[in-house]
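Observations on the three-dimensional arrangement
Chain by chain, the residues:
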Amino acid sequence: MRPYQFTPERRNFTVNCDDSDIKIVPDKPSKVFDMSEGAAYAFIREKTNGNMEKARALGKRFAGELTAGRTGMAQFGVGAFDDQDTLAQRNVLFAFIVGRVIEEMAPNSIVAQSAMSAFYETIERTSPEIYRQISDSAALSLYIFSARSTPGDETAAGEVFARLCGREGDALFVAYGRELAGYFMDHCTREAICVKMIR
């Protein structure tokens, strides 16, 4: 077989085809492409080093504490001041604290998202009622806004808790919410440390 020879008469040819679906890649790929590729590598790295599995286990553990009723962390120390409203608001406060702790303790957003997905998926499956309570975006937004607008102010969560319980400005309920938030924060932080995620 003879090699193909390019002769002058064959140089100028026309191909009749639709090339509208052909995409031209620029010389410098966009930042979006770089970020998505970086995210894929980060996901593989976190899965390989065990962080994804640890994060999901942590999310499920926190979900178990929230759905365990009176034996769970969110219902710890239930007393005379508690009624259906405060019990529901304890759940919302606990979910907010879980989110904060995971955000602060996870090595990156991919691992944090994995933990939070496991947390919400587990609760949705095991207790739809609690899932509806903690999915109240207005209540969670109040906690998030309060935490961002007054960082380090431990009373801020207590004020939001009292407000959501219908006891806005009640010093006793503000203190109650503040103490609960601190207790939940300490407990969740210890649990996250015990998981030993790789940074």
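Please refer to the structure placed before this passage.
Before going into details, it helps to say that this report is about the structure given with it. (Residues numbered from 1 in each chain as written. Predicted model: local features only at pLDDT ≥ 70, side-chain atom pairs only at ≥ 80, totals over all residues. Heavy atoms only, no water.)

So, the pattern of salt bridges
Once the charged atoms of two side chains with opposite charge are near each other, the side chains can pair. Worth spelling out the cut-off: Any carboxyl oxygen of Asp or Glu within 4 Å of a side-chain nitrogen of Lys or Arg constitutes a salt bridge here. Whether a residue is buried, partly exposed or exposed follows from its accessible area with a 1.4 Å probe, protein chains only, as a fraction of its type maximum: under 20%, in between, or over 50%, in that order. To qualify as a helix, a DSSP run of H or I must reach at least 4 residues; to qualify as a strand, a run of E must reach at least 2; elements of each kind are numbered from the N terminus.
Here the structure, examined in full by the defined rule, presents seven salt bridges. Between Arg-90 and Asp-82 there is a salt bridge, with the nearest N and O atoms lying 3.4 Å from each other. Here the two residues Arg-90 and Asp-82 agree in accessibility, since each one is buried. Measuring nitrogen to oxygen at the nearest pair gives 3.6 Å for the salt bridge that ties Glu-104 to Arg-100. Here Arg-100 and Glu-104 lie together in helix 4 (residues 84–105), a separation of four residues that amounts to about one turn. The class of Arg-100 is partly exposed, set by a relative accessible area of 31%.

So, a negative patch on the surface
For clarity, the threshold we go by: Every patch collects residues that have over 30% relative accessible area and no salt bridge, joining them within 9 Å if they carry like charges and within 5 Å if they are nonpolar side chains (Val, Leu, Ile, Met, Phe, Trp, Tyr). Under the convention used here, a 1.4 Å probe and the Shrake-Rupley method define accessible areas, while residue burial counts only the protein chains that appear. Just so you know, the count uses Lys and Arg for positive and Asp and Glu for negative, and it drops His and the chain ends. In plain terms, the charge of a residue is placed at NZ if it is Lys, CZ if Arg, CG if Asp and CD if Glu.
Residues Asp-153, Glu-154, Glu-159, Glu-168 and Asp-186 make up a contiguous surface patch of negative charge. Mapped onto the elements of the fold, Glu-168 is located in the loop between helix 8 (155–164) and helix 9 (171–195).

A few points about unusual backbone geometry
In this model, Lys-196 sits at a positive phi of 55 degrees, which is unusual for a non-glycine residue. Within the fold, Lys-196 resides in the segment after helix 9.

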